[in-house]
Amino acid sequence: QVQLVESGGGLVQPGGSLRLSCTASGSIFSIYAMGWYRQAPGKQRELVATMTSDYNTNYANSVKGRFTISRDNAKNTVYLQMNSLKPEDTAVYYCNADRVLTIARVWNDYWGQGTQVTVSS
C-alpha cells in the first residue's frame, strides 16, 4: 500500500508565496515521476508541474516563472514553491506519483487527498 500525504496549503494574499510538500510512503521500490495537479471549482483537473526521477521538469504555461518544483528522491518527497500567487491559482492541489513500482513489483499511480490553496485579499 502506498500513501501520499500533502501539506502546506492555506490562504495567502495576491503576490504572496506558499510551499507545498508531498511525501509518498509504503512499500515503494521506485517512483518515475512526482508532481502537482490542481482543480478549481467547476473546472477539470489540470497539470501544474511534474518532475521525473532524473529531474526533468514540465510546467503549465500559466505557472512558468512563478512556481518551482523540486524533489528529494531519497525521501520520496516532492515540493512546489509557489511565488507571485494570483487569485486564479486558487484551487485544490493534488499530489501525484506516476509509475510507482512497489517492492512486490506492482506498477500503479497514486494521488494525494488534496490541499486547498486560496489566493485572496
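To be clear, the structure that these remarks concern was listed above.
So, how was this worked out
Residues numbered from 1 in each chain as written. Predicted model: local features only at pLDDT ≥ 70, side-chain atom pairs only at ≥ 80, totals over all residues. Heavy atoms only, no water. Pairing = 2+ DSSP bridges. Helix = DSSP H or I, 4+ residues; strand = E, 2+ residues; numbered from the N terminus. Buried < 20%, exposed > 50% of the residue type's maximum accessible area, 1.4 Å probe, protein only. Lys, Arg positive; Asp, Glu negative; His and termini not counted. Salt bridge = Lys/Arg side-chain N within 4 Å of Asp/Glu carboxyl O. Polar contact = N/O pair within 3.5 Å; in protein donor to acceptor, adjacent residues only side chain to side chain. Contact = heavy atoms within 4.5 Å. Axes fitted to C-alpha atoms, helices over the stretch in contact; angles between N-to-C directions.

Enquirer: When you look at the pairing of strand β3 (residues 18-26) in this model, what are you seeing that I'm missing?
Expert: Two faces, one strand: in a regular strand the side chains alternate between the faces of the sheet. Alignment of strand β1 (residues 2-7) against β3, held across 6 bridges, turns out to be antiparallel. Along β3, the bridge assignment pairs Q3 with S25. Pairing between β3 and strand β8 (residues 77-82): 6 bridges, direction antiparallel. Within β8, the position partnered with L20 by the bridge is L80.

Enquirer: Looking at this structure, I do not really get the side chain of E6. What am I missing?
Expert: Tracing the chain through its elements places E6 in strand β1. Buried charged residue E6 carries no salt bridge. Nearest counter-charge: R45, at 7.8 Å. From its side chain, E6 meets the backbone nitrogen of C95 in a polar contact 2.6 Å long. Among the polar contacts listed, one links the side chain of E6 to the backbone nitrogen of G114, at a separation of 2.6 Å.

Enquirer: Looking at this model, I keep getting lost on the environment of L101. Mind explaining?
Expert: As for its position among the elements, L101 is in strand β9 (residues 91-102). The sequence separation of L101 and I31 amounts to 70 residues, and the corresponding C-alpha distance is 6.3 Å.

Enquirer: It is not clear to me how the environment of R71 should be interpreted in this structure. Could you clarify?
Expert: Turning to its location among the elements, R71 is positioned in strand β7 (residues 67-72). Between the alpha carbons of R71 and T90 there is a distance of 23 Å; along the sequence they are 19 residues apart. Those residues within four positions of R71 in sequence are excluded, and the remaining contacts are I31, Y32, A33, M34, M51, T52, S53, Y55, T77 and V78. A polar atom in the side chain of R71 sits 3.4 Å from the backbone oxygen of T52.

Enquirer: I keep staring at the pattern of salt bridges and nothing clicks. Help me out?
Expert: Oppositely charged side chains may form a pair once their charged atoms are brought near each other. Using the criterion set out here, one finds 4 salt bridges in the structure. We note a salt bridge from E46 to R38, for which the minimum N-O separation is 2.7 Å. Note on R38: relative accessible area 6%, which makes it buried. Between R38 and D89 there is a salt bridge whose closest N-O contact spans 3.0 Å. Residue R38 is located in strand β4 (residues 28-39), and its partner D89 is located in the loop between β8 and β9; the two are separated by 51 residues in the primary sequence. Taking relative accessible area as the criterion, D89 reaches 1% and is therefore assigned buried. Salt bridges sharing partners connect three or more residues here, namely R38, E46, R66 and D89.

Enquirer: How should the sheet that holds β7 be read in this particular structure?
Expert: By definition, the strands of a sheet pair up through backbone hydrogen bonds, in either a parallel or an antiparallel sense. Taken in spatial order, the 4 strands make up an open sheet running β1-β3-β8-β7, and their pairing is antiparallel. What marks the edges here is a single partner per strand, and that holds for β1 and β7. For this sheet, the mean angle separating the axes of adjacent strands, direction not counted, is 15°.

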